[in-house]
Amino acid sequence: MTQRDSMSEEAAAADRVTAVKKDTQKNQGSHYSRKEVENAMSIMERKWLKGTPANRVISGFDLQKNAIMVSLIFDSPENRTLVRKHLMDAPFVRFEGVKEPPPINHPGIKDTLNIHLLPGQAVYPHDVSVVSARLYNGSKETILIGEETDLAFMDAHGVWRALPMRRAWTDIGIFLAPGQTHISKTRLSPEAFPTPSGRYRYYFPIYIDRQKVWLMTAFRIE
C-alpha cells in the first residue's frame, strides 16, 4: 500500500467517524439501528488493531443489541475520556468495570506440604511493569499448576484489595515434579490504575488431589 493509499484510507475512516457522530447526535435519546452500531464497532476495531492510548486501559469491547460495551480495567473519568478520544465518542458506547478495587477473597497461605511460593524480588521500583514469583515443589508428589495469578495491595486503611489489571491467562495445565521450580509472571496495568506504593501480595493457585489451594507471597513497591 502506498503512502497516498494509506492517507486516503485514514481520511475515509475519519469521514465514517464523523458520519456516525452526526447520526448519533440526531438520534439522541432514541434507539440506534443495528447498522449504526455495527459501523461504529468496525471503526473501533480498526483503531484498536492500529494501537491507541486507549488500548492500555481496556480489557476489551463487544457488540450488544443497540450498544457497544467497553470493559475498562478501572472505570474512571480519565479512562472513559481516553476511549472517547481515541476509539469512539458516541452515546451508544457504554462502560463497565470496577470503580473501586474490591477486597481480595483468596485465603492464601505461604506454603503447604513443603511447597513454597517466594517473590521474584523483595522490593520492586515504582515504575515496574512485570512482577514475578517462584514456586518450588519440595514435596514428594507431582503437582498441577496453571498460569492463573492475582495481585493485591494494602490500602491506607489496612485492607487488602485486588489490584486493577488485565486478569487473563492461558488455560493450560502444567505438571511440576518434586524438586522442580516454576517462575510465574504478572503484568501490571499502571496506565489504567496508577500503581500504589506499599505492600503487595502475589497469589498463585496449585492443585492438590484436585483441590485448588491458593499460595501467597509478599513484596513491596517503592
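Everything quoted here is computed from the prediction, not taken from an experiment.

A. Broad picture of the environment of Lys140. Relative to the helices and strands, Lys140 resides in the loop between strand E7 (130-137) and strand E8 (143-145). Distance from Lys140 to Ala177, taken between C-alpha atoms, is 8.2 Å for residues 37 residues apart in sequence.

B. Region of interest: the side chain of Ser184. Tracing the backbone shows Ser184 in strand E12 (residues 181-187). Engagement of the side chain of Ser184 in a polar contact is seen with the side chain of Tyr202, the distance being 2.6 Å. Beyond its immediate chain neighbours, meaning those up to four positions away, Ser184 contacts Val131, Ser132, Ala133, Thr149, Tyr202 and Phe204.

C. Focus on the sheet that holds strand E3 (residues 93-96). Strand order in this open sheet of 3 strands is E1-E2-E3, and the pairing throughout is mixed. Single-partner strands in this sheet number two, and they are strand E1 (58-63) and E3. With strand direction ignored, the average angle separating the axes of adjacent strands in the sheet is 25 degrees. Here 5 bridges tie E1 to strand E2 (residues 68-72), and the two strands are oriented antiparallel to one another. Across the sheet, the residue bridging to Phe61 is Val70, located in E2. With respect to the sheet, helix H2 (residues 34-50) is in contact with E1 and E2, its orientation differing from that of E1 by roughly 150 degrees.

D. Molecular detail of the side chain of Thr149. Position of Thr149 relative to the elements: it lies in the loop between E8 and strand E9 (150-154). At a separation of 2.7 Å, a polar atom in the side chain of Thr149 contacts the side chain of Thr186. What Thr149 contacts, discounting residues up to four positions off in sequence, is Trp169, Ser184, Thr186, Tyr202, Tyr203 and Phe204.

E. Spotlight on the pattern of salt bridges. Taken as a whole and judged by the stated rule, the model has 8 salt bridges. We note a salt bridge from Glu38 to Arg34, for which the minimum N-O separation is 3.1 Å. Separated by 4 residues within a single helix, Glu38 and Arg34 lie in helix H2, roughly one turn from each other. With relative accessibility at 36%, the residue Glu38 sits in the partly exposed group. With a relative accessible area of 41%, Arg34 lands in the partly exposed category. In this structure, the salt-bridge partner of Asp150 is Arg167, at a minimum N-O distance of 2.6 Å. One end of the pair, Asp150, is in strand E9; the other, Arg167, is in the loop between strand E10 (160-162) and strand E11 (174-176), with 17 residues separating them in the sequence. Taking relative accessible area as the criterion, Asp150 reaches 8% and is therefore assigned buried. A single salt-bridge network, built from bridges that share partners, covers Asp75, Arg80 and Lys99.

About the criteria used
- Residues numbered from 1 in each chain as written.
- Predicted model: local features only at pLDDT ≥ 70, side-chain atom pairs only at ≥ 80, totals over all residues.
- Heavy atoms only, no water.
- Helix = DSSP H or I, 4+ residues; strand = E, 2+ residues; numbered from the N terminus.
- Polar contact = N/O pair within 3.5 Å; in protein donor to acceptor, adjacent residues only side chain to side chain.
- Contact = heavy atoms within 4.5 Å.
- Pairing = 2+ DSSP bridges.
- Axes fitted to C-alpha atoms, helices over the stretch in contact; angles between N-to-C directions.
- Salt bridge = Lys/Arg side-chain N within 4 Å of Asp/Glu carboxyl O.
- Buried < 20%, exposed > 50% of the residue type's maximum accessible area, 1.4 Å probe, protein only.

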